[in-house]
Amino acid sequence: MSAMIILIAASIAVVVISSICVVSSPDPGLLQDFCVADLTSTVLVNGYACKDRLLVTPDDFFFSGIDQPRSTDNQLGSNITVVGVDRIPGLNTLGLTIARIDFAPGGVNPPHHHPRSSEVFTVVEGVLFVGFITTNSDTGNTLYAKKLQKGDVFAFPQGLIHFQYNFGGKRAVATAAFGSQSPGLSTVTNAVFGSDPSVPAAILAKAFQLNETTIEWLQQQNWVQNFNYN
Ligand SMILES: *[C@@H]1O[C@H](CO)[C@@H](O)[C@H](O)[C@H]1NC(C)=O
Ligand SMILES: *[C@@H]1O[C@H](CO)[C@@H](O)[C@H](O)[C@H]1NC(C)=O
């Protein structure tokens, strides 16, 4: 009996400790100066396999065109251009990603979170209303939000749901920096209403306090992905 209790307690401890480690650990540390991604390799490692050093060139660490405006002609009125290891193979194992975000007037980058990275967000042009919401348990779904203008910087903690909205009459542009080569992106609406296969409507009806007709209507909408790797 007591052995059973100890076993259960030990299992709980292992789960708790490992979940803490997963949540708080950054990308793995470097074991070499660089490991330029071999994007064609089928070898699976934590990241990409390294390209032959003798074939590495300055262009492996280079990307041009982050100054170019992107099309915001979609239902959200926003477009995220991700510059990560797929575009700069030399970023492999360095624990960094950046992005450019374009906003049409009234455009929104809808509530989403990055499971593997915090974010530092800088307004380059225009005015934005941005915010993040804390978890249920910690500080009880508190919204921390602020109006930002050109030159302002805001931080979004890892894993917390956040958004940005262009309430100005002109376009806005921002950059985002991430502390992971794979920050991950989970958009609330797309995950909840746009999953494949769909979450049973009865579950969402209960959860959102709506009837199933409304849920099914929501599930039929086109939940656009507003980021691109082009
Ligand atoms: C984002 O912009 C690129 C380049 O302008 C465009 O090809 C892409 O379709 C846009 N994505 C969305 C979701 O509008
Ligand atoms: C479902 O809810 C919507 C919005 O409240 C309402 O307009 C509609 O009549 C409801 N439909 C049913 C079948 O209850």
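These numbers come from a predicted model, not from an experiment.

So, how was this worked out
Residues numbered from 1 in each chain as written. Chains lettered and ligands numbered in written order. Predicted model: local features only at pLDDT ≥ 70, side-chain atom pairs only at ≥ 80, totals over all residues. Heavy atoms only, no water. Near = heavy atom within 4 Å. Polar contact = N/O pair within 3.5 Å; in protein donor to acceptor, adjacent residues only side chain to side chain. Areas by Shrake-Rupley, 256 points an atom, 1.4 Å probe, with all protein chains shown as cover. Buried < 20%, exposed > 50% of the residue type's maximum accessible area, 1.4 Å probe, protein only. Helix = DSSP H or I, 4+ residues; strand = E, 2+ residues; numbered from the N terminus. Arc of directions from axis to C-beta. Contact = heavy atoms within 4.5 Å.

Enquirer: In this structure, what is going on with the site of ligand 2? I would like to understand it.
Expert: Close to ligand 2 lie Asn211, Thr213 and Thr214, which account for all nearby residues. In the environment of ligand 2, an oxygen atom lies 2.2 Å from a nitrogen or oxygen atom belonging to the side chain of Asn211. Thr214 is positioned with one of its side-chain polar atoms (N or O) 3.4 Å from an oxygen atom of ligand 2. Within the complex, the protein chains bury 25% of what would otherwise be the 370 Å² of accessible surface of ligand 2.

Enquirer: Please clarify how helix α3 (residues 201-208) should be interpreted in this entry.
Expert: Each turn of an α-helix holds 3.6 residues, which means side chains three or four residues apart point in the same direction. Considered for burial, the residues of α3 that qualify are Ala201, Leu204 and Ala205. Buried residues of α3 fall within an arc of 105° about the axis and therefore sit on the same side. Counted as exposed and oriented over 90 degrees from the buried face of α3: Lys206 and Ala207. Looking at the buried side of α3, the elements it contacts are α2 (188-193) and α4 (212-220). Just past α3, the residue Gln209 takes up positive phi, approximately 55°.

Enquirer: In this structure, what is going on with unusual backbone geometry? I would like to understand it.
Expert: Trans is the common state for peptide bonds, and a negative phi is the common state for residues other than glycine. A cis amide bond links Asp196 with the next residue in sequence, Pro197, at an omega value of 0°. Secondary-structure assignment places Pro197 in the loop between α2 and α3. Phi is positive for Thr93, close to 70°, though the residue is something other than glycine. Relative to the assigned elements, Thr93 resides in the loop between β1 (78-83) and β2 (97-103). Relative accessible area serves as the criterion here: at 25%, Thr93 is assigned to the partly exposed category. Phi is positive for Gln209, close to 55°, though the residue is something other than glycine. Following the sequence through the fold, Gln209 ends up in the loop between α3 and α4.

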